[in-house]
Amino acid sequence: MWLKLITWLTLLQLLAGALSQELKIFGGITEPVRNYPFLVNLRRGPTFKCGGALIAPSCVVTAAHCLENDVQNVDNLYVNAQQDCLNDTIPDSNVRQAWYACISPQYKPINLDADLAVIKLRQPFYTSDIINTVAVDFNDPPEDARMRIVGWGMTNEEGLDWGQCLQSADVSLVRRDQCNRQMSLITPITKNMFCALGENKIDACQGDSGSPILYGGRVVGVVSWGKDCGSGLPGVYTRFSSSSMMWFLQSFIETNCLD
Ligand SMILES: *[C@@H]1O[C@H](CO)[C@@H](O)[C@H](O)[C@H]1NC(C)=O
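Residues numbered from 1 in each chain as written. Predicted model: local features only at pLDDT ≥ 70, side-chain atom pairs only at ≥ 80, totals over all residues.

Caption draft 1: Spotlight on the nonpolar core. Counting residues in hydrophobic clusters, the biggest one holds 74 residues, and the most contacted among them are Val-60, Ala-117, Ile-119 and Ala-196. At six residues, the largest contribution of residues to this core is made by strand β3 (residues 47-56). Residue assignment places this core across two domains, with domain 1 (37-133 + 243-256) and domain 2 (146-239) each supplying three or more. When near neighbours in sequence (up to four residues on either side) are disregarded, Ala-117 contacts Thr-62, Ala-63, Ala-64, Cys-66, Leu-67, Ala-101, Cys-102 and Ile-103. (Core = buried A, V, L, I, M, F, W, Y, C linked by C-beta atoms within 7 Å. Buried ≥ 20, exposed ≤ 12 C-beta atoms within 10 Å, placed from the backbone. Helix = DSSP H or I, 4+ residues; strand = E, 2+ residues; numbered from the N terminus. Domains from an automatic or database assignment. Contact = placed C-beta atoms within 7 Å.)

Caption draft 2: Geometry of the site of the ligand. The ligand sits among Cys-85, Asn-87, Asp-161 and Gly-163. Taken together, the residues of the shell around the ligand sort by class into one nonpolar, two polar and one charged. (Near = placed C-beta within 6 Å. Nonpolar A, V, L, I, M, F, W, Y, C, P; charged D, E, K, R; others polar.)

Caption draft 3: Examining the sheet that holds strand β2 (residues 39-44) more closely. One closed barrel holds the six strands; their spatial order is β2-β3-β4-β7-β6-β5, and the pairing between them is antiparallel. Adjacent strand axes in the sheet meet at a mean angle of 40°, parallel and antiparallel pairs treated alike. With six bridges joining them, β2 and β3 adopt antiparallel strand pairing. Directly across from Asn-41, in β3, lies its bridge partner Gly-51. Across the face of the sheet, helix α3 (residues 243-256) comes into contact with β3, β4 (59-62), β6 (95-103) and β7 (117-121) while running at roughly 10° to β7. (Pairing = 2+ DSSP bridges. Axes fitted to C-alpha atoms, helices over the stretch in contact; angles between N-to-C directions.)

Now the structure itself:
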């Protein structure tokens, strides 16, 4: 009898431990990438680096820090479309090589201010129901906005899984003043950033960088940085609605992406 009770208690404790672990980092669900026809992952050679989104058939938006100060050298940079898990085989028609890339002139690696880059592809993707572009929204989401994040980043503390399958989660906008109170010890939240956090500390994590954050099906930013993952602190995103991010993106699109 006692033995049984103890066994049950141990089991319950183990279960609780496992659950809190699972919620600790990210806490999303696996979702088929076909639900996101514009979503791509970035590779340096074969190595997965970041997420990104097709904002035109030949242009991908991502975070500046994803290019690792190597923006001049993108010959070995590739984007993979419609890949559920990072180790899934995909047809050549879903892969494109980068031609050149441009990072925001305001980008500061020290605090990840203006963490935004656009990659021009050597060949455009043939758009269809399967691979397609996503609209960019240059408006601020409303104060109570629920947004969707997607990515192939870490889901636990064991590090990146090179076979990670796409995860998605819903997060809510965190007010700028509140986020600043929580994050300013690390670095202040600039006007080129906004913050979001999900229920049960759902959050983006390492490897999700550059992936889009969506409001009403449009991209309003990209994953930029955070203090740990699932710490209960908000995740920080590059804010497309700031005047400098909007100017940078719009002028890049006009001069490079309308083909
Ligand atoms: C892909 O990676 C996952 C997890 O890392 C693994 O379980 C699976 O067997 C791998 N698949 C292939 C085709 O290598």
